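Here is how the chains run, residue by residue.
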Amino acid sequence: MKPSQTPDWQSIPGWCSPVEADYLYQLAAGLDQNDRIVEVGSYLGRSAFAIGLGCRESGARLITIDHLRGNPEHQIKPTCEGLRQNLARLGVLDWVEIMACEAREAAENIERPIHALFIDDQHDYGNVMRTSSAFIPRLISGGHVLWHDAIGHGWIGVERAVSEITKLWHMQHVVPHQMRGSISHWRLTGPTGCKAYG
């Protein structure tokens, strides 16, 4: 069952649309057992559930990262316990590790390799550049990189950062697909290196 077909998923506050949730689920479900996905920006677990549901099928593992201080647009302040309860209630917590810390701190403590990276952190240009540059060197060649709110939602900083990052690294755009909403999806085609921002 896809996330969009799970009634309780709709009760989790957040901005991941049903189309985007199903896209993330399909990505995670297509990975191999013990592959590792990293999500930066959990909030209350709306997208983490979608990825975790795919991991439950494939045997992959999700590491979801959030400083859990919240952002101005958040109507409900996130907490680690609230995030954990949502994922447990929907039956995916066993496939998810929660890291309550800054993204760059988490990047220093995550072992390689990462097979997929989903970034939905703070939406200013500098933060997207720094977060992306902290994690991309930990991706395998052929790994997936996805950014939320990078297509058509007016987040100019995200769109600019994605445009620059995908030129800095050897990345190939996954063929545009109408069924992924605002998610921009790329694959790393060359070796990682030491290109970093800030």
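For the structure, check the block above.
What you see is a predicted model; the values in this text were computed from it and never measured.

Cut-offs used in this document
Residues numbered from 1 in each chain as written. Predicted model: local features only at pLDDT ≥ 70, side-chain atom pairs only at ≥ 80, totals over all residues. Heavy atoms only, no water. Helix = DSSP H or I, 4+ residues; strand = E, 2+ residues; numbered from the N terminus. Buried < 20%, exposed > 50% of the residue type's maximum accessible area, 1.4 Å probe, protein only. Lys, Arg positive; Asp, Glu negative; His and termini not counted. Salt bridge = Lys/Arg side-chain N within 4 Å of Asp/Glu carboxyl O. Polar contact = N/O pair within 3.5 Å; in protein donor to acceptor, adjacent residues only side chain to side chain. Contact = heavy atoms within 4.5 Å. Pairing = 2+ DSSP bridges. Axes fitted to C-alpha atoms, helices over the stretch in contact; angles between N-to-C directions. Expected span 1.5 Å × (residues − 1). Arc of directions from axis to C-beta. Disulfide = S-S within 2.5 Å. Right-handed = clockwise from strand over helix to strand, strands pointing away.

## Examining the side chain of Asp-35
And then number 1: Here Asp-35 shows up in the loop between helix H1 (18-29) and strand S1 (36-40).
And then number 2: Despite being buried, Asp-35 has no salt bridge partner; Arg-187 is the closest side chain of opposite charge, sitting 8.5 Å away.
And then number 3: In terms of polar contacts, Asp-35 uses its side chain to reach the backbone amide nitrogen of Asp-32, at 3.0 Å.
And then number 4: Not counting residues up to four positions away in its chain, the partners in contact with Asp-35 are Ala-60, Arg-61 and His-115.

## Focus on the environment of Ile-114
And then number 1: Along the chain, Ile-114 turns up in strand S4 (residues 114-119).
And then number 2: We classify Ile-114 as buried; its relative accessible area is 0%.
And then number 3: Sequence-wise, Ile-114 and Leu-139 are 25 residues apart; in three dimensions their C-alpha atoms are separated by 4.6 Å.
And then number 4: Setting aside its immediate chain neighbours within four residues, Ile-114 contacts Arg-36, Val-38, Phe-135, Arg-138, Leu-139 and Ile-140.

## Description of the side chain of His-67
And then number 1: Within the secondary structure layout, His-67 lies in the loop between strand S2 (61-65) and helix H3 (80-89).
And then number 2: His-67 gets classed as buried once you look at its relative accessible area, which sits at 14%.
And then number 3: A distance of 3.0 Å separates a polar atom in the side chain of His-67 from the backbone nitrogen of Arg-69.
And then number 4: Once residues lying within four places of it in the same chain are set aside, the contact partners of His-67 are Cys-101, Glu-102 and Gln-122.

## Quick word on the sheet that holds S1
And then number 1: In space, the 7 strands of this open sheet follow the order S3-S2-S1-S4-S5-S7-S6, with mixed pairing throughout. Lying at the two open borders of the sheet, with one neighbouring strand each, are strand S3 (96-99) and strand S6 (171-173). For this sheet the average axis-to-axis angle between neighbouring strands, irrespective of direction, equals 20°.
And then number 2: In this sheet, strand S5 (residues 139-147) lies alongside S4 in parallel orientation, the contact comprising 5 bridges. Bridge assignment links Ile-114 to a residue of S5, and that residue is Leu-139.

## Description of helix H6 (residues 156-168)
And then number 1: With 13 residues, H6 ought to run about 18 Å at 1.5 Å a step, and its terminal C-alpha atoms sit 18 Å apart, in line with that.
And then number 2: Residues of H6 that are buried include every one of Gly-157, Val-158, Ala-161, Val-162, Ile-165 and Thr-166, and no others. Seen end-on, H6 carries its buried residues on one side only, within an arc spanning 145°. Within H6, the exposed residues directed more than 90 degrees away from the buried face are Ile-156 and Lys-167.
And then number 3: If you follow the buried residues of H6, they end up packed against helix H5 (125-135), S5, S6 and strand S7 (184-188).

## Digging into the state of the cysteines
And then number 1: A complete count under the given rule lists 0 disulfides for this structure.
And then number 2: Here Cys-16 stays unpaired: no disulfide links it, and the sulfur of Cys-55, its closest cysteine neighbor, is 14 Å away.
And then number 3: Overall, Cys-16 belongs to the buried group, its relative accessible area being 5%.

## Quick look at the pairing of S5
And then number 1: For the crossover from S4 across H5 to S5, the handedness is right-handed.
And then number 2: For S5 and S7, the ladder comprises 4 bridges, and the chain directions are antiparallel. Residue pairing for S7: Leu-146 is matched across the bridge by His-185.

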